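Spelled out from the first residue to the last, the chains are:
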Amino acid sequence: MGEHHSLGAGRRRVRGYGSTNEKGIAKIQGISPGKIRASVQVEGYPPVTSEEIDAVIGTDARIQIRLARGVNVVIRLHGPDGALLKPEQVNLIRADGTVAGSGYNQSTDAPKDGGLKVATVPGTFKANFWFGGDDMIIVDVTIGETAGAVIDLKTDKVPGSKK
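A. Just the sheet that holds strand 7 (residues 89-93), in detail. Pairing is antiparallel in the open sheet, where four strands are placed in the order 8-7-10-11. Every other strand in the sheet has two partners, leaving strand 8 (99-104) and strand 11 (136-143) as the edge strands with one partner each. The average angle at which neighbouring strand axes cross in this sheet is 20°, direction not considered. The sheet contact formed by strand 10 (residues 123-130) and strand 11 spans eight bridges and is antiparallel. Bridging from a neighbouring strand, Ala127 pairs with Val139 of strand 11.

Spelled out as structure tokens, the structure:
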């Protein structure tokens, strides 16, 4: 109850927010007409994105989303010299462009060594590591079914360089 939900239209970013009531229902108003998807993020669960639906003026649209437990992992990124890098954030991106999990360095439960704790589902993803501004390093990652795993990745890039 009270988790934040967001609704996006097409490739555009967030269009509306809502919080669930005691029955788990969220009402989000002010959505522009067009193709939309609902995204739900709840701590401890991988994010879920609905199928695309049409939002039509003057009608209600209903989307049902079920949360499923995934795996919690810690992802660490090492630079060319093997040193542990400390990104601000990582997003795991599926082949269809949706987010399969995110981890933030600012989280109260973030590992102190620069690793990022992520709730996700098993699979293969693009891990987009953000270092501030538009400074990003992308690395392929495969997440297994072992909860609590520490995944060490390596990059030949250096944050802040355009190489």
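B. Seen up close, the pattern of salt bridges. All chains considered together, the criterion is met by three salt bridges. Asp152 serves as the salt-bridge partner of Arg76, at 2.8 Å between the closest nitrogen and oxygen. Of this pair, Arg76 sits in strand 6 (residues 71-78) while Asp152 is found in strand 12 (residues 150-154), placing the two residues 76 residues apart along the sequence. In this structure Asp152 comes out as partly exposed when scored by relative accessible area, which is 40%.

C. Inspection of the sheet that holds strand 9 (residues 116-120) at higher detail. With respect to topology, three strands assemble into an open sheet ordered 9-6-12, the strand pairing being mixed. The sheet is open, and its two borders are formed by strand 9 and strand 12, each paired with just one other strand. When strand polarity is set aside, the average angle formed by the axes of neighbouring strands in this sheet is 35°.

D. Region of interest: the pairing of strand 3 (residues 34-40). Inspection of the sheet shows strand 3 paired to strand 5 (residues 53-55) by three bridges, in the antiparallel sense. Within the sheet, the bridge partner assigned to Gly34 lies in strand 5 and is Ala55.

E. Quick look at the nonpolar core. Of all hydrophobic cores here, the largest spans 20 residues; its most connected members are Ile75, Leu77, Leu92, Phe129, Val141, Ile143 and Leu153. At the level of secondary structure, the elements contributing two or more residues to this core comprise strand 6, strand 7, strand 9, strand 10, strand 11 and strand 12. In this structure, Ile143 is in contact with Val71, Val73, Ile75, Leu92, Thr120, Val121, Pro122, Gly123, Phe125 and Ile151, ignoring residues within four places of it in sequence.

F. How the structure looks around the environment of Ala149. Structurally, the position occupied by Ala149 is in the loop between strand 11 and strand 12. A residue is classified by how much of its surface remains accessible, and Ala149, at 23% relative accessible area, is partly exposed. Along the chain, Ala149 and Ile75 lie 74 residues apart, while their C-alpha atoms are 8.4 Å from each other. Once you skip the residues sitting within four places of it in the chain, Ala149 turns out to touch Asn72, Val73 and Val74.

Definitions and limits used
- All residue numbers here refer to positions counted from 1 along the written sequence of the relevant chain.
- The predicted nature of this model means local features are confined to residues of pLDDT at least 70 and side-chain atom pairs, given and counted, to a pLDDT of 80 or more, with totals for whole chains, interfaces and linings taken over all residues.
- By convention in this description, side-chain values take in all heavy atoms of the structure and omit both hydrogens and water.
- In short, DSSP must find at least two bridges between two strands for them to pair.
- Secondary structure counts use DSSP, requiring at least four H or I residues in a row for a helix and at least two E residues in a row for a strand, with both numbered from the N terminus.
- Between the N-to-C directions of two axes lies an angle of 0 to 180 degrees, each axis being a line fitted to C-alpha atoms and, for a helix, fitted only over the stretch in contact.
- By definition here, a salt bridge exists when the distance from a side-chain nitrogen of Lys or Arg to a carboxyl oxygen of Asp or Glu is within 4 Å.
- The classification of residues rests on relative accessible area computed with a 1.4 Å probe and restricted to protein chains. Under 20% of the type maximum is buried, over 50% is exposed, and intermediate values are partly exposed.
- Each nonpolar core is a collection of buried residues, namely Ala, Val, Leu, Ile, Met, Phe, Trp, Tyr and Cys, held together in the definition by side-chain atoms within 4.5 Å.
- Any two residues whose heavy atoms approach within 4.5 Å at even a single point are treated as in contact.

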